[in-house]
Amino acid sequence: MTVIVEDSAALLGIVIAAAALFISEITGNLVYDAIGSLLIGLMLMAFAFFLARENKDLLIGESMSKRDNQKIYQIVSQIPEVAKIVSISSMQLAPEDVLISLEVSLVDNLDTDTIESVIDNIENKVKQVIPYAASSKIYVELERTKQS
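Parameters at a glance
Residues numbered from 1 in each chain as written. Predicted model: local features only at pLDDT ≥ 70, side-chain atom pairs only at ≥ 80, totals over all residues. Heavy atoms only, no water. Salt bridge = Lys/Arg side-chain N within 4 Å of Asp/Glu carboxyl O. Helix = DSSP H or I, 4+ residues; strand = E, 2+ residues; numbered from the N terminus. Buried < 20%, exposed > 50% of the residue type's maximum accessible area, 1.4 Å probe, protein only. Pairing = 2+ DSSP bridges. Axes fitted to C-alpha atoms, helices over the stretch in contact; angles between N-to-C directions. Contact = heavy atoms within 4.5 Å.

### Comments concerning the pattern of salt bridges
- On inspection of all chains with the given rule, the structure shows three salt bridges.
- Here E143 makes a salt bridge to K84, at a shortest N to O gap of 3.8 Å. Of this pair, E143 sits in the segment after β3 (138-142) while K84 sits in strand β1 (residues 82-94), placing them 59 residues apart in sequence.
- Since its relative accessible area comes to 44%, K84 is described here as partly exposed.

### Section: the environment of T114
- Structurally, the position occupied by T114 is in helix α4 (residues 112-129).
- Along the chain, T114 and I40 lie 74 residues apart, while their C-alpha atoms are 65 Å from each other.

### Some details on the sheet that holds β3
- Strand order in the open sheet made by the three strands is β1-β2-β3, with mixed pairing throughout. Where the open sheet ends on each side, the last strands, each with one partner, are β1 and β3. Adjacent strand axes in the sheet meet at a mean angle of 15° when their direction is disregarded.
- Across five bridges, the pairing between strand β2 (residues 97-106) and β3 is parallel. In the sheet register, E103 faces β3, and the bridge partner there is E141.
- On the sheet, helix α3 (residues 66-77) packs against β1 and β2 and is oriented at approximately 150° with respect to β1.
- Helix-sheet contacts for α4 involve β1, β2 and β3, and the interaxial angle to β3 is about 140°.

As structure tokens, this is what we get:
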């Protein structure tokens, strides 16, 4: 989209400049050239604001769609060792690059090897529903119990 907007702005700028110069030449009044320059500046500002608005979420980061988050929730909640999903956070880094963080509560009395296996299983399940998610950007945290 950026390329199309920039190219459109360039072409429109050329048309405005040519029209302003043509009118200035015919009338002998340089005010039309100045007006053309102002119009080009205003047009460039308008295109810049449009692009900034359209790309804002990619610049500051946006989460994945609710549908994708729901897919993750559904598939992870089906794992028997997962007691509950506390939270799912995600950030879209690029069109096919995401950062996914899950906080889960596991059932009681699991040994360390089983917990590691469950975490690996959660990562694999997430990759099933979000195939472009890299394993290095899927973080699974265990819910911390509050000590009294």
